[in-house]
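Listed here are the chains, written in short residue letters.
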Amino acid sequence: MNDTELMNDSEPMNDSERDWLAWAITRVEADANRSADTHLHRFDLPEQWGVDLYLKDESVHPTGSLKHRLARSLVLYGLCNGWITSTTPLVEASSGSTAVSEAYFAQLLGLPFIAVMPRSTVQEKIDLIEFAGGQCHLVDDPAMINSEAVRIASEQGGHFLDQFTHAERATDWRGNNNIAQSMFGQLTLERFPVPEWIVVGVGTGGTSATLGRYLRLQKHRTRLCVVDPEGSAYHRAWTSGDREVRTRGSRIEGIGRPRVEPSFVSAVVDRMELVPDAASVAAMRWTTERMGRSVGGSTGTNMWVAAQLVAQLRAEGRTGSVATLICDDGRRYARTYYSDEWVRTQGWDLAPYTEVLEAFAATGEWHGDAL
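These notes cover the structure that comes with them. (Residues numbered from 1 in each chain as written. Predicted model: local features only at pLDDT ≥ 70, side-chain atom pairs only at ≥ 80, totals over all residues. Heavy atoms only, no water.)

### Re the sheet that holds strand 7 (residues 197-201)
Ordered by their spatial adjacency, six strands build an open sheet running 1-2-10-7-8-9, and the pairing between neighbours is mixed. Edge strands, defined here as strands with exactly one partner in the open sheet, are strand 1 (40-43) and strand 9 (271-275). The mean angle between the axes of side-by-side strands here comes to 25 degrees, regardless of whether they run parallel or antiparallel. The strands that helix 8 (residues 179-187) touches are strand 1, strand 2 (51-57), strand 7 and strand 10 (320-326); relative to strand 2, the one it contacts most, it runs at about 135 degrees. (Pairing = 2+ DSSP bridges. Helix = DSSP H or I, 4+ residues; strand = E, 2+ residues; numbered from the N terminus. Axes fitted to C-alpha atoms, helices over the stretch in contact; angles between N-to-C directions. Contact = heavy atoms within 4.5 Å.)

### Topic: the packing of aromatic side chains
Tallied over the entire structure, the rule returns 14 aromatic pairs. With centroids separated by 5.5 Å and ring planes inclined at 65 degrees, the aromatic side chains of Trp49 and Phe360 adopt a geometry described as edge-to-face. Of this pair, Trp49 sits in the loop between strand 1 and strand 2 while Phe360 is found in helix 14 (residues 351-363), placing the two residues 311 residues apart along the sequence. Residue classification places Trp49 among the buried residues on the basis of a relative accessible area of 9%. Geometrically, the ring pair formed by Tyr77 and Trp83 is edge-to-face, given 5.6 Å between the ring centres and 90 degrees between the ring planes. With a relative accessible area of 15%, Trp83 lands in the buried category. Through a chain of ring-to-ring contacts, three or more aromatic side chains come together here, namely Phe43, Trp49, Trp286, Trp304, Tyr353, Phe360 and Trp366. Against the face of Trp197 rests Arg271, its NZ or CZ located 5.5 Å from the ring centre. (Phe/Tyr/Trp six-rings, centres within 6.5 Å; stacked < 30°, edge-to-face > 60°. Buried < 20%, exposed > 50% of the residue type's maximum accessible area, 1.4 Å probe, protein only. Lys NZ or Arg CZ within 6 Å of the ring centre and 35° of its normal.)

### Examining the packing of helix 12 (residues 297-315) against helix 14
A packed helix pair is summarised by two numbers, namely the angle formed by the two axes and the spacing between the axes. Where helix 12 meets helix 14, the axes come as close as 11 Å, and the angle between the chain directions of the two elements is 40 degrees. Judged on the interaxial angle alone, helix 14 and helix 12 are oblique. Relative to helix 14, helix 12 is oriented so that their crossing is left-handed. Here Trp304, Ala307, Val310, Ala311 and Arg314 of helix 12 lie close against helix 14, whose contacting residues are Tyr353, Val356, Leu357, Phe360 and Thr363. (Parallel < 35°, antiparallel > 145°, perpendicular 65-115°, else oblique. Left-handed = near helix turned anticlockwise from the far one by under 90°.)

### Topic: the environment of Asn176
Relative to the elements of secondary structure, Asn176 occurs in the loop between helix 7 (163-170) and helix 8. Residue classification places Asn176 among the exposed residues on the basis of a relative accessible area of 67%. Sequence separation of Asn176 and Gln218 is 42 residues, and the distance between their C-alpha atoms is 14 Å.

### Here we look at the sheet that holds strand 4 (residues 113-118)
An order of 5-4-3-6 is seen for the four strands of this open sheet, with the pairing classed as parallel. Each of the sheet's edge strands pairs with one partner strand only, and the pair in question is strand 5 (135-139) and strand 6 (159-160). The sheet contact formed by strand 3 (residues 90-93) and strand 4 spans four bridges and is parallel. Opposite Ala93, over in strand 4, you have Val116 as the bridge partner.

### Some details on the nonpolar core
Core analysis: the largest hydrophobic core is formed by 43 residues, its most contacted members being Trp304, Val322 and Phe360. The set of elements that each furnish at least two residues to this core consists of strand 2, strand 7, strand 8 (223-229), helix 11 (277-291), helix 12, strand 10 and helix 14. Top element by residues in this core is helix 12. It accounts for nine residues. Apart from the residues lying within four places of it in its own chain, the contact partners of Trp304 are Val275, Ala279, Ala283, Tyr353, Val356, Leu357, Trp366, Gly368 and Leu371. With 29 residues, the next largest nonpolar core counts Ile25, Val28, Leu109 and Ala167 among its residues. (Core = buried A, V, L, I, M, F, W, Y, C linked by side-chain atoms within 4.5 Å.)

### Details of the environment of Arg314
Residue placement: Arg314 occurs in helix 12. A residue is classified by how much of its surface remains accessible, and Arg314, at 29% relative accessible area, is partly exposed. Sequence separation between Arg314 and Ser294 is 20 residues; the distance between their C-alpha atoms is 28 Å. Discounting chain neighbours no more than four positions away, the residues touching Arg314 are Trp49, Val51, Thr363 and Gly364. One polar contact links the side chain of Arg314 to the main-chain carbonyl oxygen of Thr363, over a distance of 3.0 Å. (Polar contact = N/O pair within 3.5 Å; in protein donor to acceptor, adjacent residues only side chain to side chain.)

The following block contains the structure:
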């Protein structure tokens with residue numbers, strides 16, 4: 001049973017449910033108010049380069065990642081559509097940061113939360129979801145997690161949050177302190193307040209859709225560059241125009257998908273770059289060392305291309321700024337991306353990519369295309 005059928009079969013809202021809905025929305029909005037805003041950090045580059053690089057730090061959200069914004073939007077969307085009531089279990093097909101954040105909001109509202117996940121999910125992610133009050137339902141075939149989430153939601157009278165369908169529509173891309181409006185507000189007093197480029201990855205597609213639409217609404221000249229890890233379908237689909245492509249999926253958590261999800265709005269993307277996994281991990285470690293902040297693999301993907309765009313602006317004799325995101329806290333990946341032994345098991349050689357980044361930091365030139 002889908003959400004529309006559930007909505008059409010429901011009784012009109014009584015006073016008790018209306019009061020609960022008002023309480024629930026206030027609880028979610030109060031959480032956002034307490035969280036204030038995320039920081040915008042300036043990455044240390046030589047002033048004389050004439051190009052500034054900024055990272056908006058989404059790791060400082062209460063649940064430690066960019067997905068906190070998405071989870072809040074999905075829950076509000078479900079509440080205001082009448083899909084979530086005072087007794088509705090929430091269900092998601094996710095083994096990552098989205099499920100951690102959704103579990104947090106479900107607990108905030110006193111609702112059960114079930115994350116449908118592959119049995120291969122690392123224990124650290126399971127622990128985070130359970131710590132936030134969620135339950136983990138493990139399945140043997142990763143391709144079945146979506147259909148299993150639909151089944152569980154139907155059987156339990158729950159709501160399937162469905163991040164990959166609802167991400168681009170649940171967030172108000174016009175403003176309302178979304179990530180785009182927040183970023184531009186924080187850039188107002190900088191020497192180049194309107195960036196030449198914004199660089200983001202794509203998981204659901206919600207963040208790139210929000211940013212791309214906002215840029216057009218505000219008539220900014222800023223261009224949107226979407227980065228994609230190897231093994232993902234998005235870059236291949238964008239370059240070929242074929243949304244039906246299928247791939248093996250991504251090894252960089254939080255971004256990349258084996259298929260193009262409904263929330264990906266390709267028309268708002270100005271450029272896409274495919275990033276090798278070893279480059280993502282090398283850039284992740286390099287960024288952590290340079291900033292003194294532990295960042296995750298998807299932030300490394302962003303930074304590999306952000307550095308490239310800074311070098312490109314310099315090579316063209318142009319000034320300006322580039323902005324990107326710290327997507328999550330790197331401490332979640334202590335046993336994977338930050339483990340030399342684990343990296344070796346993946347067959348990744350980080351050294352050539354690290355050398356490119358070190359050369360960039362020293363000279364402002366980019367030699368990554370030769371790899």
